[in-house]
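# Residue-level structural notes
Okay, here's what each chain looks like letter by letter:
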Amino acid sequence: VVKIDWRDHIVVRGERGGQFGCVHLRRGDFARSRRDQVPSIRWAGEQLRRKMEERKLEVLFVTSDATKEEFSELSKNAKGVRFVRFEPTEEELELFKDGGVAIIDQSICSHAKYFIGSKESTFTFRIQEEREIMGFELKDTFDMLCGEGKETCEKGTQWKIEWGTKNYQWKLPSKENQIKSEL
């Protein structure tokens, strides 16, 4: 819970989130233009199966622009993992639009015990940012899918919010000290 006055908000990093993982898996033009960074569906499934086993998680929420066929293939390549995703009804899509559906996906991923994203994706970055604000463990936030055949790859940039010390008195400029514009 964030305090009403942000200056009083300090996060203690720790294990948190629901008993599920989340992946942001880019496809389409993003996958075609970054072939060395984005895995095939088969390779993504293999990576995800291993990552989920390591964390003893059985359910993986998927946010992706993957087709239904790709989503089905992903499930086949990660035995033992139950894949789920938000598929809005026509009414929900009319109400929320594509942007609202993306925000729902982002919120779900922000609350997963573990998140793995797609390198150089702004959507992945926003989920990582939200998780950092909420104080999730870095190891459960900045993981990335590796390109085809790669077992290891560069993770997301781990930037940490410096919350300051407890009871720090933030000094805000007073109105008297503000410079007035002559324009």
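Details of the structure are given in the entry above.
First things first, this report covers the structure right here in the doc. Note that this is a predicted model, so its numbers are computed, not measured.

Moving on, we come to the nonpolar core. Val23, Leu25, Leu48, Leu60, Leu74 and Phe83 are the most contacted members of the largest nonpolar core, which totals 17 residues. Looking at this core, the elements with two or more residues in it are β1 (18-25), α2 (41-54), β2 (59-64), α3 (68-76) and β4 (112-117). At 4 residues, α2 tops the list of elements feeding residues into this core. Leave out the neighbours within four places in its chain, and leucine 74 touches Leu25, Ile41, Ala44, Gly45, Leu48, Val62 and Phe83. Counting residues in hydrophobic clusters, the runner-up holds 8 residues, among them Phe20, Phe61, Phe123 and Ile127.

Quick look at the side chain of threonine 124 now. With respect to the helices, strands and loops of the structure, threonine 124 is situated in helix α5 (residues 122-134). Reaching out from threonine 124, the side chain makes a polar contact with the side chain of histidine 24 at a distance of 2.6 Å. Ignoring any residue separated from it by four or fewer positions in sequence, one finds threonine 124 in contact with His24, Phe115, Gly117, Ser118 and Met144.

Moving on to the packing of aromatic side chains. Evaluation of the coordinates by the stated rule reveals 1 aromatic pair. A ring pair is formed by phenylalanine 71 and phenylalanine 83, whose centres lie 6.5 Å apart and whose planes are at 85 degrees; its orientation type is edge-to-face. With phenylalanine 71 in helix α3 and phenylalanine 83 in strand β3 (residues 82-84), the pair connects residues that are 12 residues apart, well separated along the chain. Residue phenylalanine 83 is classed as buried on the basis of its relative accessible area of 10%. The cationic tip of arginine 50 hangs over the ring face of tryptophan 43; the distance from NZ or CZ to the ring centre is 5.5 Å. In this structure, arginine 85 packs its charged tip against the face of phenylalanine 71, placed 4.2 Å from the ring centre.

Analysis parameters
Residues numbered from 1 in each chain as written. Predicted model: local features only at pLDDT ≥ 70, side-chain atom pairs only at ≥ 80, totals over all residues. Heavy atoms only, no water. Core = buried A, V, L, I, M, F, W, Y, C linked by side-chain atoms within 4.5 Å. Buried < 20%, exposed > 50% of the residue type's maximum accessible area, 1.4 Å probe, protein only. Helix = DSSP H or I, 4+ residues; strand = E, 2+ residues; numbered from the N terminus. Contact = heavy atoms within 4.5 Å. Polar contact = N/O pair within 3.5 Å; in protein donor to acceptor, adjacent residues only side chain to side chain. Phe/Tyr/Trp six-rings, centres within 6.5 Å; stacked < 30°, edge-to-face > 60°. Lys NZ or Arg CZ within 6 Å of the ring centre and 35° of its normal.

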